[in-house]
Amino acid sequence: MALLEIDRKLLQRCLSREPQAWEAFVERFLGLVLHVVRHTAKSRSLQIGPQDEEDLVAEFFATVVHDDFALLRRFRLESSLATYLAVVARRVVVREMLRRSFPSRLSDGAASQRAFESMADASAESPERRMSNREEVERLMSGLTGPEADVVRLYHLEGKSYREISSTIGIPENSIGPTLSRARAKMRQIVA
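From a predicted model like this one, the values you see are computed outputs, not experimental measurements.

1. Here we look at the overall build of the chain
Looking only at helices and strands, the chain has nine helices and zero strands in total. Along its sequence from the N terminus, the chain presents helices and strands in the succession α-α-α-α-α-α-α-α-α. Each of the 192 residues in the chain was classed as buried or not, and the buried ones make up 42%. Considering only contacts within the chain whose residues lie at least 6 apart along the sequence, 67% involve residues at least 24 apart. Entry remark: accessible area of the chain is about 10,500 Å², with carbon and sulfur atoms responsible for 50%.

Structure representation (C-alpha cells):
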C-alpha cells in the first residue's frame, strides 16, 4: 500500500515540529498501536492488563520521539506509514515483553509447539509473523549447529532481514530461506 497523502503531511508536520502535530499523530495511530500490543500479547498467549497495555503503548510512542523523531526520519516513504509503524510497534512490544519477562500462560509442551508453529509460518520479510517466544526458540535451537543455528538466531531472535543475515555471516542471501527450512525441520523433530 502506498503512503497516503494525509500521512505524508502528518509526517512532515511532526518532523517540522508544527503545533498540534504530535497530538494528531498519536490520535491517528493510537488504535493501531493498541491493536499491535493486544495481538502480540495474544500471539504469545499472555493476558496483560490495561496498565501493561498503556505502558507498552507509551513505550512505542517514546521510541518514536526518541532522538528527535529518528524513527520517523528513517521512514523511506516506500510503504504506508501505518505498515511501517505496525512493524516497529511489534518489535518494540516484543522487546519490552522480553525485557520485562512477562510470564507465559502456556505449558512447556504447548509453548514449544507454539514457538515452532510461529517459526514454521514465518515469511522471509515479515517481522509481524516472526517467532515471539525467545526461551523456547533457544531451547529448540540446542539441536542446531553452525550456520543453521546462526541463521535461526539472527532471524528469529534478533529480527534481522535476509540481507542483514547474509552480510553478517557471509552466506548468499538466497541460501537463508533453505537454511531456515532445514533448521525448522530439525526443530520439528525436537518438538515431536
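2. What to know about the environment of leucine 180
Relative to the helices and strands, leucine 180 resides in helix α9 (residues 176-191). Overall, the relative accessible area of 0% leaves leucine 180 in the buried class. With 28 residues separating them along the chain, leucine 180 and valine 152 place their C-alpha atoms 6.4 Å apart.

3. With respect to the packing of aromatic side chains
Following the criterion strictly, the structure yields eight aromatic pairs and no others. Pairing tryptophan 22 with phenylalanine 61 gives two aromatic rings, centres 5.8 Å apart and planes at 85 degrees, and the pair type is edge-to-face. With tryptophan 22 in helix α2 (residues 21-43) and phenylalanine 61 in helix α3 (residues 50-73), this pair connects stretches of sequence that are 39 residues apart. With a relative accessible area of 8%, phenylalanine 61 lands in the buried category. Summarising the aromatic geometry, the rings of phenylalanine 75 and tyrosine 84 are spaced 4.8 Å apart at their centres and angled 35 degrees between planes, so their arrangement reads as tilted. On the accessibility criterion, phenylalanine 75 (8% relative accessible area) is buried. A relative accessible area of 18% means that tyrosine 84 is categorised as buried. Members of the aromatic cluster, each reached through a chain of ring pairs, are Trp22, Phe25, Phe29, Phe60, Phe61 and Phe69.

4. A few points about α2
With 23 residues, α2 should cover 33 Å at 1.5 Å per step; its first-to-last C-alpha distance of 33 Å lies within 8% of that length. Helix geometry: α2 is bent most strongly at phenylalanine 29, by close to 45 degrees. Within the span of α2, buried status applies to Ala21, Phe25, Phe29, Val33, Val36, Val37, Thr40 and Ala41. Each element contacted by the buried residues of α2 is listed here: α1 (5-15), α3 and α4 (81-100).

5. Side note on α3
A maximum bend of about 110 degrees is found in α3 at aspartate 67. Along α3, the positions that sit buried rather than exposed are Glu53, Leu56, Val57, Phe60, Phe61, Thr63, Val64, Phe69, Ala70, Leu71 and Leu72. Contact partners of the buried residues in α3: α1, α2 and α4.

6. Concerning the environment of serine 142
Mapping serine 142 onto the fold places it in the loop between α6 (134-140) and α7 (146-157). Judged by relative accessible area, serine 142 falls into the exposed class, the value being 62%. Counting along the chain gives 48 residues from serine 142 to isoleucine 190, while the straight-line C-alpha distance between them is 9.3 Å.

7. So, the pattern of salt bridges
Evaluation of the coordinates by the stated rule reveals 13 salt bridges. Its salt-bridge partner being glutamate 59, residue arginine 95 comes within 3.8 Å of it at the nearest N-O pair. One end of the pair, arginine 95, is in helix α4; the other, glutamate 59, is in helix α3, with 36 residues separating them in the sequence. When its relative accessible area of 42% is taken as the criterion, arginine 95 is described as partly exposed. Since its relative accessible area comes to 25%, glutamate 59 is described here as partly exposed.

8. Here's the deal with unusual backbone geometry
Not every positive phi belongs to a glycine, and glutamine 20 is a case in point at roughly 70 degrees. Along the polypeptide, glutamine 20 turns up in the loop between α1 and α2. The phi dihedral of aspartate 68 falls on the positive side, at around 55 degrees, and the residue is not glycine. Structurally, the position occupied by aspartate 68 is in helix α3.

Rules used in this analysis
Residues numbered from 1 in each chain as written. Predicted model: local features only at pLDDT ≥ 70, side-chain atom pairs only at ≥ 80, totals over all residues. Heavy atoms only, no water. Helix = DSSP H or I, 4+ residues; strand = E, 2+ residues; numbered from the N terminus. Buried < 20%, exposed > 50% of the residue type's maximum accessible area, 1.4 Å probe, protein only. Contact = heavy atoms within 4.5 Å. Areas by Shrake-Rupley, 256 points an atom, 1.4 Å probe, with all protein chains shown as cover. Phe/Tyr/Trp six-rings, centres within 6.5 Å; stacked < 30°, edge-to-face > 60°. Expected span 1.5 Å × (residues − 1). Bend = angle between axes of the 7 residues up to and from the residue. Salt bridge = Lys/Arg side-chain N within 4 Å of Asp/Glu carboxyl O.

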